[in-house]
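A structural walkthrough
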Amino acid sequence: IRSCQVDVDYDDQHYNDDDQLEYAQEDFHNTECLRPITSTYDTNILRVATSPSPTLTVFYEHHPIVITCDSGATSSLIRLSCAQTLGIPIEPTRHCANQADGKTSMEACGEINIIVTRGPLSLQLQAVVVKHLDCDILGGVPFMKINNIVLDLPGEAIVISNKRISYSPSPS
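This text gives an overview of the structure that appears in the document. (Residues numbered from 1 in each chain as written. Predicted model: local features only at pLDDT ≥ 70, side-chain atom pairs only at ≥ 80, totals over all residues. Heavy atoms only, no water.)

1. Digging into the overall build of the protein
Of the regular secondary structure elements, the protein holds four helices and 11 strands. Each of the 172 residues in the protein was classed as buried or not, and the buried ones make up 30%. Intrachain contacts of the protein at a sequence separation of at least 6 include 53% that bridge at least 24 residues. Accessible surface, the protein: about 11,800 Å² in total, of which carbon and sulfur atoms supply 49%. (Helix = DSSP H or I, 4+ residues; strand = E, 2+ residues; numbered from the N terminus. Buried < 20%, exposed > 50% of the residue type's maximum accessible area, 1.4 Å probe, protein only. Contact = heavy atoms within 4.5 Å. Areas by Shrake-Rupley, 256 points an atom, 1.4 Å probe, with all protein chains shown as cover.)

2. Description of the sheet that holds strand β10 (residues 157–160)
Spatial ordering of the open sheet is given by β9-β10-β11, a layout of three strands whose pairing is antiparallel. Only two strands of the sheet have a single partner each, and these edge strands are β9 (149–152) and β11 (163–166). Neighbour to neighbour, the strand axes of the sheet diverge by 25 degrees on average, direction disregarded. Of the strand pairs in this sheet, β10 and β11 are connected by four bridges, and their pairing is antiparallel. Bridge pairing links V159 to R164 in β11. (Pairing = 2+ DSSP bridges. Axes fitted to C-alpha atoms, helices over the stretch in contact; angles between N-to-C directions.)

3. A short note on the state of the cysteines
Two cysteines whose sulfur atoms are joined by a covalent bond form what is called a disulfide. Tallying each qualifying case throughout the model produces zero disulfides. Not part of a disulfide, C69 finds its nearest cysteine sulfur in C135, a span of 9.9 Å. Judged by relative accessible area, C69 falls into the buried class, the value being 1%. (Disulfide = S-S within 2.5 Å.)

Here it is as structure tokens:
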């Protein structure tokens, strides 16, 4: 990526008009790599922003647990050691779990289907059990869909059935 940086002066000089957009796209697709930088500017602007996923604290049989909400996950996952510590019954599964690259698989040890609570709210959690996971529980799209959960990322809130729950992102 470092060798494929944008030449800001070239772009400003040649592609500053909306009428040139089609030409610019053609030129970009016909180029093996973007032109090297010829002007000096702060390279920190090329960094990709990161932000932690929102988390939701819930209870399973009076034990607090944290669910990391992930709107890009096609299933929910729970770490085996977390399920065992909480005494959650693990059922056999035919599901498999893959990383976001679509190639790397995670060993599935089973699945769970439990109810967790937060105050008066009862939430269903169906998750594939895996040995290795960066968090205890990853609540994917099915978890959010079943429980009517919407993430308000700019407002730093998780909305469950129209009830807003604020969260403070942990430092990255």
